[in-house]
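The lines below spell out each chain.
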Amino acid sequence: MTKIWFITGSSRGLGRSLTEAVLANGYKVAATARNPEALKELVEQYPDSIFPVKLDVTDKSQIAKAIESTIEKFGRIDVLVNNAGFGIMGASEGYTDEQVRSQLETNLYAPIEVTRAVLPHMRRQRSGHILQISSVGGRVGNPGLTIYQAAKFGLGGYTEALAKEVAPLGIFVTSVEPGGFRTDWARDSMSYAPHIDGYEETVGKRIALFSSDQFVPMGDPAKAAKVMIDLAENPAPPVHLILGSEAVHLIKQADINRRQEMEKWEEVSASTNADDAIDFTQTDLGRSFFSAKKS
Ligand SMILES: NC(=O)c1ccc[n+]([C@@H]2O[C@H](COP(=O)([O-])OP(=O)(O)OC[C@H]3O[C@@H](n4cnc5c(N)ncnc54)[C@H](OP(=O)(O)O)[C@@H]3O)[C@@H](O)[C@H]2O)c1
């Protein structure tokens, strides 16, 4: 049976490369975009396999309509890719309320809403794979990116928990965590908070790095697309998949730092236990609950 994909943000960047690769590999796709005109060439090239759908992921009524019309057209959704998103940089105190709201709405609430709307179909099918396009920035915090990273860390937490919740229903969930990729993300698509004095060494340096001509992202979107297609065919996909060797390097270092800090403060952590406390995770019941498989 031909797999049916549903991809958000198909107009440009990673979503566009993935949509092209999905079509070139003979799958069918509901290619969603704020402006479906951007998909015109693909519609001409693959009239029977692409279903162009208008979807601004921040519009809840459009989410429901896009999913309903896809189910009407193809009968099912096998792979959902929550890709639509944008970056925003600046000092945390400097963002306008509207910037914070629109970042969280697009990069966090929207993928949760789209996922929640697709899950009833996947649950009925007892199959499906959800790819959440998070970021290296969903695993490592950095100055200048607080609000973007709040969204991406949030998406990672949602994904990890959901993966355990829906595994018994035959549904996989993977947090895809790219490092730098050659798209519009750091360029035309980037938003900035109004400038605040005092953050030159932290936020200022990060903004200068990302906007410098010398910053050439390592990642090739066509290669990411190939990996995601293979991932959707994998019978045992991971919960987290990092894309890009610099992202692996950064996350490894962050994990070491986090572990060292945790161990350094472990006694303080334990000091808050009630005097008669029993560690539930070490009882038979707790062990069977918390260490079920790889949780
Ligand atoms: N490139 C990187 O270095 C990198 C690294 C880590 C993670 N990511 C993540 O990868 C995903 C794709 O980004 P990209 O690199 O491909 O950037 P991009 O080239 O700027 O493309 C972003 C895509 O998201 C769409 N989009 C943005 N807001 C939307 C909304 N409200 N509703 C529907 N579509 C919307 C854009 O549509 P329009 O054409 O209508 O604007 C565009 O198709 C994002 O979630 C991003 O955070 C990227």
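Another aspect to go through is the site of the ligand. The ligand sits among 27 residues. The nearest are Ser11, Arg12, Tyr148, Thr183 and Ser189. In the environment of the ligand, an oxygen atom lies 3.5 Å from a nitrogen or oxygen atom belonging to the side chain of Trp185. When the ligand sits alone it has 890 Å² of accessible area, and the protein chains cover 94% of it. Secondary-structure elements contributing two or more residues to the shell around the ligand are helix H1 (13–24) and helix H5 (146–166). Tallied by class, residues from the shell around the ligand come to nine nonpolar, 13 polar and five charged.

On to the environment of Val43. Inspection of the secondary structure puts Val43 in helix H2 (residues 40–45). Sequence separation between Val43 and Gln282 is 239 residues; the distance between their C-alpha atoms is 57 Å. Val43 has contacts with Ile50 and Pro52, leaving out every residue within four places of it along the chain.

On the surface, Phe280, Leu285, Phe289 and Phe290 cluster together into a nonpolar patch covering about 460 Å² of accessible area. Summarising the element assignment, Leu285 is placed in helix H10 (residues 284–290).

Before going further, it helps to spend a moment on helix H7 (residues 221–233). Turn by turn, an α-helix covers 3.6 residues, leaving residues three or four places apart pointing in a common direction. Here H7 spans 19 Å end to end across 13 residues, near enough to the 18 Å set by a 1.5 Å rise per residue. Taken together, the buried positions of H7 are occupied by Pro221, Ala224, Ala225, Met228, Ile229, Leu231 and Ala232. Burial along H7 is one-sided: seen end-on, the buried residues are contained in an arc of 155°. More than 90 degrees from the buried face of H7, the exposed residues found are Lys223 and Lys226. Where the residues of H7 are buried, they touch strand S1 (4–7), H1, strand S4 (79–82), strand S6 (128–133), strand S7 (171–178) and strand S9 (240–243).

Quick look at the environment of Gly75 now. Along the chain, the position of Gly75 falls in the loop between helix H3 (60–74) and S4. Taking the relative accessible area as the measure of exposure, Gly75 reaches 52% and is therefore exposed. When the C-alpha atoms of Gly75 and His121 are compared, they prove to be 9.5 Å apart, with 46 residues separating the residues in sequence.

Of the two faces of S4, the one holding Val79 and Val81 and the one holding Leu80 and Asn82 are both buried throughout. Relative to S4, S1 runs parallel, the two being bridged by three bridges. Bridging from a neighbouring strand, Trp5 pairs with Val79 of S4. Two elements, S4 and S6, share four bridges in a ladder whose sense is parallel. Each bridged residue has a counterpart across the sheet, and for Val79 the counterpart in S6 is His129.

Cut-offs applied
Residues numbered from 1 in each chain as written. Predicted model: local features only at pLDDT ≥ 70, side-chain atom pairs only at ≥ 80, totals over all residues. Heavy atoms only, no water. Near = heavy atom within 4 Å. Polar contact = N/O pair within 3.5 Å; in protein donor to acceptor, adjacent residues only side chain to side chain. Areas by Shrake-Rupley, 256 points an atom, 1.4 Å probe, with all protein chains shown as cover. Helix = DSSP H or I, 4+ residues; strand = E, 2+ residues; numbered from the N terminus. Nonpolar A, V, L, I, M, F, W, Y, C, P; charged D, E, K, R; others polar. Contact = heavy atoms within 4.5 Å. Patch = residues over 30% accessible without salt bridge, like charges linked within 9 Å, V, L, I, M, F, W, Y side chains within 5 Å. Salt bridge = Lys/Arg side-chain N within 4 Å of Asp/Glu carboxyl O. Expected span 1.5 Å × (residues − 1). Buried < 20%, exposed > 50% of the residue type's maximum accessible area, 1.4 Å probe, protein only. Arc of directions from axis to C-beta. Pairing = 2+ DSSP bridges.

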